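So you can see what is in the structure, the chains are spelled out below.
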Amino acid sequence: MISYSTETLRKWVRQPKTDQGIQGGLSTSDRERLKELEHENRELTHANEILRKASA
């Protein structure tokens, strides 16, 4: 049997309300976009570090 924490279940109940604009917070699509942007930021930061080292 899978055991979920109380907070996990609470998030599952609240997220649809957030997605519909009934409740404040980040929607699912906003969370996905934020995750994509954070990943892109890490990649660009890494690339900049490589370029900095290469130009030194």
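Refer to the structure above for everything that follows.
Structure report, in brief.

Cut-offs used in this document
Residues numbered from 1 in each chain as written. Predicted model: local features only at pLDDT ≥ 70, side-chain atom pairs only at ≥ 80, totals over all residues. Heavy atoms only, no water. Patch = residues over 30% accessible without salt bridge, like charges linked within 9 Å, V, L, I, M, F, W, Y side chains within 5 Å. Areas by Shrake-Rupley, 256 points an atom, 1.4 Å probe, with all protein chains shown as cover. Salt bridge = Lys/Arg side-chain N within 4 Å of Asp/Glu carboxyl O. Helix = DSSP H or I, 4+ residues; strand = E, 2+ residues; numbered from the N terminus. Buried < 20%, exposed > 50% of the residue type's maximum accessible area, 1.4 Å probe, protein only. Contact = heavy atoms within 4.5 Å.

On to a nonpolar patch on the surface. A cluster of nonpolar side chains, namely Ile-2, Tyr-4, Leu-9 and Trp-12, defines an oily patch on the protein surface of about 440 Å² accessible area. Note on placement: Tyr-4 falls in the segment before helix H1 (6-19).

Below, the discussion takes up the side chain of Thr-18. When you line up the elements, Thr-18 lands in helix H1. Exposure remark for Thr-18: the relative accessible area of 10% places this residue in the buried category. Each residue touching Thr-18, except ones within four places of it in the same chain, is listed here: Gln-23, Gly-24, Gly-25, Leu-26 and Ser-27.

From the geometry alone we can't say anything about function, so treat these as descriptive.
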